[in-house]
Structure formats: C-alpha cells, structure tokens
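Remarks on the overall topology
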Amino acid sequence: QVQLVESGGGLVQPGGSLRLSCAASGIIFSRYTMGWYRQAPGTQRELVTFITSGGSITYVDSMKGRFTISRDNAKNTVYLPMNSLKREDTAVYYCNSKLPGVSLGYWGQGTQVTVSS
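Residues numbered from 1 in each chain as written. Predicted model: local features only at pLDDT ≥ 70, side-chain atom pairs only at ≥ 80, totals over all residues. Heavy atoms only, no water.

1. Some thoughts on the overall build of the chain
So the rule is basically this: Numbering of helices and strands starts at the N terminus; helices are DSSP runs of H or I of at least 4 residues and strands are runs of E of at least 2. Our radius of gyration is a C-alpha quantity, and the globule rule it is checked against amounts to 2.2 Å times the number of residues to the power 0.38. We call a residue buried when its accessible area falls under 20% of the maximum for its residue type, exposed when it is over 50%, and partly exposed in between, using a 1.4 Å probe and counting protein chains only. The protein chains shown are the only cover counted for residues, whose accessible areas, like all others here, come from Shrake-Rupley with a 1.4 Å probe. When charges are tallied, Lys and Arg are placed among the positive residues and Asp and Glu among the negative ones, while His and the ends of the chain are skipped. The atoms used to mark charge sites are NZ of Lys, CZ of Arg, CG of Asp and CD of Glu.
Counting its regular elements, the chain contains zero helices and 11 strands. Ordered by position in the sequence, the α and β elements of the chain form the string β-β-β-β-β-β-β-β-β-β-β. Taking 117 residues into account, the globule formula puts the C-alpha radius of gyration at 13 Å, and the chain, at 14 Å, falls close to it. Taking all 117 residues of the chain together, 38% fall into the buried category. Carbon and sulfur atoms provide 48% of the accessible area of the chain, an area that totals close to 6100 Å². The chain carries 11 positive and 6 negative side-chain charges, and their two centres are separated by 5 Å.

As structure tokens, then:
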C-alpha cells in the first residue's frame, strides 16, 4: 500500500520559516517525481514545486526564491523548506508522487501552514 505522510506544518509569524517533510512508503521512491502543492481557503489547489527522479527542480514563479525542494532517496523523504513566509502562504500543503509516463499518482493527507501575527 502507498502512503505519503506529511509533517512540519504549524503556526508561524510573517517573515518566519518552516520546513515540511513528506515520508513515502509503498513505492520505489527514487523512481518518482515528488511535488508539493497547496490549497488556500476558497481557492483551487496549486503547484508549489517539484523535483524529478534525476534531481531536476521546477519552481512556480510566485514562490521561487522563498521556497525550495530537496529529496533524500535513502530516507524516502522529500522536503520543502519555506522562508520569508507571508500571510498569503497560509494553506494546506500536500505532498504528491508521480511516476513519469504513467497516469497514476498519489497524494498525502495535507499539513496546515498558518502565517499570522
């Protein structure tokens, strides 16, 4: 069975930092593209960033420079360090895994990030 388990969310003040983690099981982790998405209240889910099995990283322009992504294949874990957080970054953040060339993908349960003073 496939599981993506997220952690690291919480409450942070504007300008602060958080690091999200997503631990995967039930897949050959190193073969998958891993991504982070978010969904704010009243909005559609949007892509934040993703990293391929070969380590190629893609960022969305609105988050580029503040958010990063990395993966540790030995730990089956992908990370999202977030810096200079803004109130508009408040959202549920979701982990995603996708095998290139295959339609099947997986989602984590989401972790809440709240940026507030």
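Past the structure itself, the notes keep going.
2. So, the nonpolar core
Put simply, the test is: We define the nonpolar core as a collection of buried residues of types Ala, Val, Leu, Ile, Met, Phe, Trp, Tyr and Cys that are connected through side-chain atoms lying within 4.5 Å of one another.
Counting residues in hydrophobic clusters, the biggest one holds 25 residues, and the most contacted among them are Met34, Trp36, Phe67, Val78, Leu80, Met82 and Tyr93. Mapped by element, the contributors of at least two residues to this core are β3 (18–25), β4 (33–39), β5 (46–51), β8 (77–82), β9 (91–98) and β11 (111–115). Top contributing element to this core by residue count: β3, with four residues.

3. Overview of the sheet that holds strand β7 (residues 70–72)
Just so we agree on the cut-off: For two strands to count as paired, DSSP must find a minimum of two bridges between them. Under this scheme, a helix contributes an axis fitted over its contacting stretch, all axes are lines through C-alpha atoms, and angles between N-to-C directions fall in the 0 to 180 degree range.
As summarised here, the arrangement of the four strands in space is β1-β3-β8-β7, forming an open sheet in which the pairing is antiparallel. Single-partner strands in this sheet number two, and they are β1 (3–7) and β7. With direction set aside, neighbouring strand axes in the sheet form an average angle of 20°.

4. Description of the pattern of salt bridges
Heads up, the condition is: Salt bridges, as used here, are contacts in which a Lys or Arg side-chain nitrogen is within 4 Å of a carboxyl oxygen on Asp or Glu.
The tally for this structure, following the rule as stated, stands at three salt bridges. Note that Glu46 is salt-bridged to Arg38, the shortest N-O span being 2.8 Å. With relative accessibility at 8%, the residue Arg38 sits in the buried group. Arg66 is paired through a salt bridge with Asp89; the nearest N and O atoms lie 2.7 Å apart. Placement of Arg66 in the loop between β6 (57–59) and β7 and of Asp89 in the loop between β8 and β9 is noted, with a sequence separation of 23 residues between them. Since its relative accessible area comes to 1%, Asp89 is described here as buried.

5. A few points about the pairing of β4
Most of β4 is tucked away: five of the seven residues are buried. Relative to β5, β4 runs antiparallel, the two sharing five bridges. Its bridge partner being in β5, Met34 is matched across the sheet by Ile51. Here β4 folds back onto β5 in antiparallel fashion, the turn holding six residues, of which Gly42 has a positive phi close to 75°.

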